[in-house]
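Chain residues, written in single-letter form:
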Amino acid sequence: MNSDQLEGKWKQVKGKFKEEYGDVTEDDTKHAEGKFDQMLGKLQEKTGKTKEEIKDWIDKQ
C-alpha cells in the first residue's frame, strides 16, 4: 500500500467516524492521525523496518 492509498483509506475512516459519531471533529481525527504517525515511528525504531514496509505489513493483515 502506498502513502496515497493509506491516506485515502484514512479519509474514508474519518468520514465514517464523523457519520457515525457526530461529535467527532476534524481536530479529533487529526489527533488520531498524529498518534498513528507516532506508532509507525515507534514500530520503525523497534523493528528496523521502513515505514513503507510496516504499512505493507499492516495492509496484509
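Notes on the structure follow. (Residues numbered from 1 in each chain as written. Predicted model: local features only at pLDDT ≥ 70, side-chain atom pairs only at ≥ 80, totals over all residues. Heavy atoms only, no water.)

**Remarks on helix 2 (residues 26–47)**
Rule in force here: Starting at the N terminus, helices and strands are each numbered in turn, a helix being any DSSP run of H or I of at least four residues and a strand any DSSP run of E of at least two. Expected span, for any helix, means 1.5 Å times one less than how many residues it has.
The end-to-end C-alpha distance of helix 2 is 31 Å, a good match for the 32 Å that 22 residues give at a rise of 1.5 Å each. Within two residues after helix 2, G48 carries a phi angle of roughly 80 degrees, on the positive side.

**Side note on the environment of K35**
Rules: Only protein chains enter the calculation, and the probe is 1.4 Å; a residue is then buried if its accessible area is under 20% of its type maximum, exposed if over 50%, and partly exposed in between.
Structurally, K35 is set in helix 2. Given a relative accessible area of 43%, K35 falls into the partly exposed group. With 30 residues separating them along the chain, K35 and Q5 place their C-alpha atoms 19 Å apart.

**Observations regarding a nonpolar patch on the surface**
Put simply, the rule is: Grouping into patches uses exposed residues only, defined as over 30% relative accessible area, and leaves out salt-bridged ones; the cut-off is 9 Å for like charges and 5 Å for nonpolar side chains (Val, Leu, Ile, Met, Phe, Trp, Tyr). Methods summary: accessible areas were calculated by the Shrake-Rupley approach with a probe of 1.4 Å, and residue burial reflects only the protein chains presented. Every case where a carboxyl oxygen of Asp or Glu lies within 4 Å of a side-chain nitrogen of Lys or Arg is listed as a salt bridge.
Side chains of M39, L43, W57 and I58 sit close together on the surface and give an oily, nonpolar patch of about 370 Å² of accessible area. The set of elements that each furnish at least two residues to the nonpolar patch consists of helix 2 and helix 3 (51–60). As for its position among the elements, L43 is in helix 2. Residue classification places L43 among the partly exposed positions, given a relative accessible area of 34%.

**Remarks on the side chain of K55**
Convention followed: Positive charges come from Lys and Arg alone, negative charges from Asp and Glu alone, with His and the N- and C-terminal ends not counted. In what follows, residue pairs with any heavy atoms lying within 4.5 Å of each other are defined as contacts.
If you trace the backbone, K55 turns up in helix 3. Notably, K55 is buried but unbridged: the nearest opposite-charge side chain belongs to E52, and the N-O separation is 4.8 Å. Those residues within four positions of K55 in sequence are excluded, and the remaining contacts are S3, L6 and L40.

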